[in-house]
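A look at the structure
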Amino acid sequence: MGKIFKYLKESWGAVIVILLLLLVQAYCDLQLPQYTSGIVDVGIGQGGIAYAAPEKIREETYANLQLFMTEEEKAVCDAAYEPAAGGTLVLTAKGEARLAEIDSKMGLPMVLLSYLESEGAEYDIDTLRAMRESGMISEEQILAVREQALAGMGEMGDSVISARAVLFVQAEYEAMGIDTGKVQTNYLWKTGLKMLGLSLLMMAAAILIGLLASRTAARTGRNLRSRVYNKVVAFSSAEMDKFSTASLITRSTNDIQQVQMVIVMLLRMVLYAPIIGIGGVMKVASTGTGMGWIIGVAVGSIMALVLVLMLVAMPKFKKMQSLVDRVNLVSREILTGIPVIRAFSRETYEEKRFDKANKDLMETQLFTGRVMNFMMPVMMLIMNGISIMIVWFGGHGIDAGNLQVGEMLAFITYTMQIVMSFLMLTMISIMLPRAGVAAGRIEEVLTTEVTIHDKGTVQDEKLQEVRGEVTFEDVCFKYPGAEENALHHLSFTAKPGQTTAIIGSTGCGKSTLLNLIPRFYDVTEGRITLDGVDIRDISQKKLRSILGYVPQKGVLFSGDIASNIKFGGDDITEEKMKESAQIAQAVEFIESKPEGYGSPIAQGGTNVSGGQKQRLSIARAIAKSPKVFLFDDSFSALDYKTDVVLRKALNEKISDATVIIVAQRISTILHADQIIVLDNGSIVGLGTHEELLESCETYREIAKSQLSEKELKGGKQA
């Protein structure tokens, strides 16, 4: 979770805007139930009269009400009304808190006055006023009667006062000629329009939140993919060996997709859930319904369910990403090895291997899917159970006069909002473990220390005019994690204008030696110099710009022939491209294609033969015009004739460059200026072909296995 929040720091501005919009959305969402309650209780139940304090009141009626008020109440009400035309008073007080205060002062006097104006009253208001003015009854006695009436109402006091006060206001409006039907209609329209406005505002906020959340998640995904790609590109062969290709692909795609999806959920749901949940609790507390304990039951039930689900599902979600890795790995191996699989009739075995990996992933996904499917019905059961409890206990409250229908409806809505907030957190809590694993796997790539990197201060300026002399000085090399050296104390010099060949038995370290020059690995001991400068003191970009590397396995990229030959740089001209193809003996098969140099190349060069792939790889290196050529057994797929012609053209065209060739065939290196013979990572022979035949037993054994008796006696191939 912390890693995901770290990724969001890059988009902190958008996150703040989203948070503000979530507050707006939550405010609208929490206000709507109040308006619904108002429509039911006030608009329908009270005829649109929201407060006991009337908008207008006759001066005579107001004076009668003051008979039952304390001095404090009179002061409050006097400050709230101003005289108007026609012997009336107009309410000037504004604000819910102020109106509620006036309500509390005028409600009981209205009930008492209403009683005196009824047919069963012992006195009418005029008689009471006369008795008060004549001194037959004191103000204290009137207030004592008021307190007795209030005590007689018991627990239903507030409800009775509210209902009677509304009826009193309605009667007062009718006495003044005010259309009470219009009052009700106006209230309903006003409240309905407010609800519509809040709904539109909430919808606009939700749309903007969705847009910003999606853009933020997409931007985060893009940045992560760029960072992972740039990191992987900077990996040396040691780091590439640490991660499988299938795993790196999964981390760059599926894992980042998981993080991206969770970020959207995080910004839209996880941040919103606590806001709406806390707001709902505050609203419920303010209703004073006495049913707050139901919220505790709901939250406790949900938390217990979440805990059980987390304990059951968490391990499976953590396992799922490694199973996805396994499916990708098996799929990649099978797809790339189809010819071998068919040749050995192993289709059935590979099908079973893939089926096992696929089935393991399926079973895990089914398990987590069942958990999610189980969660939703239980959640709905809890929500419906809570609704029934609210209706049951709320109905008793309505019957007792402690609660109104609209208040109960609002309570149900707020409770559902609270429950839904926990439901949202539950849903995201199921997804977070998998996203956390994915983020950890991404972070593992990003935090992997690159073992081969440029020094703080490089010496590129020493190579303004490169000659291309490569020198190994007592070089030893050991693969990361290995116990023994793969190369032992190698010392030799490859000079410009000369060809240095490396030969030896399989696994003796030929390719390893060559891979040290472009710094695919760094030497363990000793050093390699280029024109006297340690290659570790040269920037990798500068070093590799000097080298022309042809790998053992030809690698081509999707595009066309021209784009592959010009892969070495944008400065390679058409003439240089064609010249390189001519040297590499690739012109014949290129021009035989209908589109020539524009002929498409499939991914990995699968639509060209092995020999054509090697020739295009050689042409790509030549087109770069390097000072040092590195050929890692790059002629193995060429026929004898093409091999001879290609090497002859190379000797003629790149006579000033340093050429280092790793070869298996002696015929490829007969004319080399010096041949290095490796055996178990050590140099056991160094010299020309003729010299080694005389002095090196290992070379002689290789030669005997490949050359005829006549060739061994000194005959050289043309």
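Summarised in this report is the structure supplied together with it. Just so it is clear, the structure is predicted and the values come from calculations on it, not from any experiment.

Criteria and thresholds
- Residues numbered from 1 in each chain as written.
- Predicted model: local features only at pLDDT ≥ 70, side-chain atom pairs only at ≥ 80, totals over all residues.
- Heavy atoms only, no water.
- Helix = DSSP H or I, 4+ residues; strand = E, 2+ residues; numbered from the N terminus.
- Rg over C-alpha atoms; globule rule 2.2 N^0.38 Å.
- Buried < 20%, exposed > 50% of the residue type's maximum accessible area, 1.4 Å probe, protein only.
- Contact = heavy atoms within 4.5 Å.
- Areas by Shrake-Rupley, 256 points an atom, 1.4 Å probe, with all protein chains shown as cover.
- Lys, Arg positive; Asp, Glu negative; His and termini not counted.
- Charge placed at Lys NZ, Arg CZ, Asp CG, Glu CD.
- Pairing = 2+ DSSP bridges.
- Axes fitted to C-alpha atoms, helices over the stretch in contact; angles between N-to-C directions.
- Phe/Tyr/Trp six-rings, centres within 6.5 Å; stacked < 30°, edge-to-face > 60°.
- Core = buried A, V, L, I, M, F, W, Y, C linked by side-chain atoms within 4.5 Å.
- Salt bridge = Lys/Arg side-chain N within 4 Å of Asp/Glu carboxyl O.
- Parallel < 35°, antiparallel > 145°, perpendicular 65-115°, else oblique.
- Left-handed = near helix turned anticlockwise from the far one by under 90°.
- Nonpolar A, V, L, I, M, F, W, Y, C, P; charged D, E, K, R; others polar.
- Expected span 1.5 Å × (residues − 1).
- Bend = angle between axes of the 7 residues up to and from the residue.
- Polar contact = N/O pair within 3.5 Å; in protein donor to acceptor, adjacent residues only side chain to side chain.
- Patch = residues over 30% accessible without salt bridge, like charges linked within 9 Å, V, L, I, M, F, W, Y side chains within 5 Å.

**With respect to the overall build of the chain**
In terms of regular secondary structure, the chain is built from 27 helices and 15 strands. Rg of the C-alpha trace for the chain: 44 Å, well past the compact-globule value of 27 Å for 718 residues, more than 25% over. The principal-axis extent of the C-alpha atoms belonging to the chain is close to 150 × 55 × 50 Å. Per-residue burial for the chain yields a buried fraction of 46% across its 718 residues. Sequence separation of at least 24 residues holds for 77% of the intrachain contacts in the chain that already meet a minimum separation of 6. Split by element, the accessible area of the chain, about 35700 Å² in all, is 57% carbon and sulfur. In the chain, 72 positive and 82 negative side-chain charges are present, and the distance between their average locations comes to 10 Å.

**Thoughts on the sheet that holds strand β12 (residues 628-632)**
One open sheet holds the 6 strands; their spatial order is β9-β12-β13-β6-β14-β15, and the pairing between them is mixed. Pairing within the sheet leaves two strands with one partner each, and these edge strands are β9 (547-550) and β15 (682-687). Recorded for the sheet is a direction-independent mean angle of 15 degrees between the axes of neighbouring strands. Summarising the sheet, strand β6 (residues 499-504) and strand β14 (residues 674-679) pair through 5 bridges and their orientation is parallel. Bridge pairing in β14 places G504 opposite L678.

**A look at the packing of aromatic side chains**
A full pass over the atoms with the stated rule returns 9 aromatic pairs. Arranged with centres 5.2 Å apart and planes meeting at 90 degrees, the rings of Y479 and Y521 form a pair that is edge-to-face. Taken as a pair, Y479 in the loop between β4 (470-477) and β5 (487-494) and Y521 in the loop between α17 (510-516) and β7 (525-530) lie far apart in primary sequence, 42 residues in all. A residue is classified by how much of its surface remains accessible, and Y521, at 9% relative accessible area, is buried.

**Overview of the nonpolar core**
In this structure, V259, I390 and I442 are the most contacted members of the largest nonpolar core, which totals 78 residues. Within the residue set of this core, elements represented by two or more residues are α1 (2-8), α2 (12-44), α9 (180-234), α11 (245-270), α12 (272-287), α13 (292-336), α15 (347-400) and α16 (405-446). Among the elements that make up this core, the one with the highest residue count is α16 (18 residues). When residues no more than four places from it in sequence are discounted, the contact partners of I390 are M291, I294, G395, M408, F411, I412 and T415. V659, I666, V677 and C696 belong to the second-largest nonpolar core, a separate cluster that totals 50 residues.

**Considerations on the pattern of salt bridges**
Scanning all chains against the criterion turns up 20 salt bridges. Measuring nitrogen to oxygen at the nearest pair gives 3.1 Å for the salt bridge that ties E444 to R251. Taken together, the positions of E444 in helix α16 and R251 in helix α11 put the pair 193 residues apart, joining distant regions of the chain. Between E574 and K566 there is a salt bridge whose closest N-O contact spans 2.4 Å. With relative accessibility at 39%, the residue E574 sits in the partly exposed group. When salt bridges that share partners are traced, they join E333, E350 and R353 into one network.

**A word on the pairing of strand β3 (residues 88-91)**
Sheet topology note: the strand β1 (residues 56-58)/β3 ladder contains 3 bridges and is antiparallel. In the sheet register, I57 faces β3, and the bridge partner there is L89. Examined bridge by bridge, strand β2 (residues 81-84) and β3 share 4 bridges and lie antiparallel to one another. Note that in β3 the partner of P83 across the bridge is L89.

**What to know about the packing of helix α4 (residues 71-80) against helix α5 (residues 96-116)**
The geometry of a pair of packed helices is captured by two quantities: the angle between their axes and the separation between those axes. Between α4 and α5, the least distance of the axes is 10 Å, while the angle of their chain directions is 135 degrees. In terms of axis orientation, α4 runs oblique to α5. Of the two elements, α4 crosses α5, and the hand of that crossing is left-handed. In this structure, α4 uses E72, E73, V76, C77, A79 and A80 to contact α5, whose residues at the interface are R98, E101, I102, K105 and M106. Each residue belonging to the contact of α4 with α5 can be placed in one class, and the counts come to 6 nonpolar, no polar and 5 charged.

**Here we look at unusual backbone geometry**
In this model, D474 sits at a positive phi of 50 degrees, which is unusual for a non-glycine residue. Residue placement: D474 occurs in strand β4.

**Some remarks on the sheet that holds β4**
The sheet built from 4 strands is open, its strands ordered β5-β4-β7-β8 with antiparallel pairing. Of all strands in the sheet, those bounded by a partner on one side alone are β5 and β8 (533-534). As defined by bridge partners, β4 adjoins β7 across 5 bridges and the pair is classed as antiparallel. Note that in β7 the partner of C476 across the bridge is E525.

**Topic: the packing of α9 against α11**
Closest axis-to-axis distance for the α9/α11 pair is 9 Å, and the angle between their directions is 155 degrees. Taken together, the axes of α9 and α11 are roughly antiparallel relative to one another. For the element pair α9 and α11, the recorded crossing hand is right-handed. In terms of residue class, the contact of α9 with α11 is made up of 13 nonpolar, 7 polar and 2 charged.

**Some points on α2**
For α2, built from 33 residues, the straight-helix expectation of 48 Å at 1.5 Å per residue is met to within 8% by its first-to-last C-alpha distance of 47 Å. Along α2, the sharpest change in direction is near 30 degrees and occurs at G38.

**Here's the deal with helix α22 (residues 610-623)**
The terminal C-alpha atoms of α22, which comprises 14 residues, lie 20 Å apart, in line with the 20 Å expected from a rise of 1.5 Å per residue. Among the 14 residues that make up α22, 13 are buried, leaving the element largely enclosed by the rest of the structure. Backbone geometry just after α22 places S625 at a positive phi near 55 degrees.

**Side note on the side chain of Q612**
Inspection of the secondary structure puts Q612 in helix α22. Within the structure, Q612 has its side chain in polar contact with the backbone nitrogen of S609 (distance 3.1 Å).

**What about a nonpolar patch on the surface?**
Side chains of W189, L193, L196, L200, M203 and I207 sit close together on the surface and give an oily, nonpolar patch of about 660 Å² of accessible area. Mapped onto the elements of the fold, L193 is located in helix α9.

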